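The chain contents come next:
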Amino acid sequence: GTNAFLYASVSWSRYPLKLKMRNWVAQLLKRNFSRPVKVLVFGDGPGFDSLHLAQVGHEVTYFEVSGNGSTFAEQIFRSSQSNVRLTTDTQGYGDASVDVLLCLDVLEHLPDPTQAVQDFSRWLRPGGLLVVSAPFYLVTPDYSTHLESNRRFSGDVKSLFHPFGFRLFDGDPMWLPMVLQKEPVTPESPRVGWLKRYLVGLTGGFLSLGRHTSAPYARTARLLSRPSSNWRQDLERWELQEPKISHTSGAGL
């Protein structure tokens, strides 16, 4: 990745919408697990998602192909004294080796998202959770790295995730992010009611229009991703977000 892309990723990490997503994920893990869990954060760029989950007690592995991103993230982890495992190669990653896989704003950039989802299914244990944000529907000059070829996945869980054993589990009302569970579900797996799954699933109908046009979503995306007045000052001070959630058993990692 280029320096420009790294700068954009760092800036996005401090936007209110991104901070909200990060806290939402931490709350999700607290609701569904009584213990710290093994998390793989796929495509984390500057590393702030990995850092946050490590600070609230989880055992986190950071993965990123960008050399600039991983170098920046390594410095962040070191300066924060956070025990995040950093890897740029997933070839040796074990089958059924993680409880949760986090992939935020990555799949829309990939030439073959299905290969990534297949890998996710292999790495997750049965009943594990895949947390995804993928705005396939945003293909505009503002999002020049989102691929037109992926637009067909807008609002679609069945074609991209069902073939690899994933079913909708939970999510933010606008799928920012959505959560899928790998089957088969074990007695120890997280559970959520059918009504919640149904309500989250309704979002797919709204997002499916994105297979044809980005117009309904582009203005909303601009509004939601507006920075707060102090985001530049935060970056200048290297003021990392303090975790709001902690696991009492986190010391055992």
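Everything here concerns the structure above.
Reading the values: rules and limits
Residues numbered from 1 in each chain as written. Predicted model: local features only at pLDDT ≥ 70, side-chain atom pairs only at ≥ 80, totals over all residues. Heavy atoms only, no water. Salt bridge = Lys/Arg side-chain N within 4 Å of Asp/Glu carboxyl O. Helix = DSSP H or I, 4+ residues; strand = E, 2+ residues; numbered from the N terminus. Buried < 20%, exposed > 50% of the residue type's maximum accessible area, 1.4 Å probe, protein only. Pairing = 2+ DSSP bridges. Right-handed = clockwise from strand over helix to strand, strands pointing away.

## Thoughts on the pattern of salt bridges
One pass over the full model with this rule turns up 10 salt bridges. Between glutamate 74 and arginine 78 there is a salt bridge, with its nearest N and O atoms 3.6 Å apart. Taken together, the positions of glutamate 74 and arginine 78, both in helix H4 (residues 67-79) and four residues apart, correspond to about one turn of that helix. Accessibility expressed as a relative area gives 40% for glutamate 74, which makes it partly exposed.

## Considerations on the environment of tryptophan 24
As for its position among the elements, tryptophan 24 is in helix H2 (residues 16-32). For tryptophan 24, a relative accessible area of 18% translates into the label buried.

## Points about the pairing of strand E5 (residues 124-133)
Two faces, one strand: in a regular strand the side chains alternate between the faces of the sheet. The element E5 is extensively covered by neighbouring structure, given that nine of its 10 residues are classed as buried. Across six bridges, the pairing between strand E4 (residues 98-104) and E5 is parallel. Considered in E5, the bridge of cysteine 103 is made with valine 132. Following the chain from E4 across helix H5 (residues 113-123) to the adjacent parallel E5, one finds a crossover that is right-handed. Examined bridge by bridge, E5 and strand E7 (residues 178-182) share four bridges and lie antiparallel to one another. Bridge pairing in E7 places leucine 130 opposite leucine 180.

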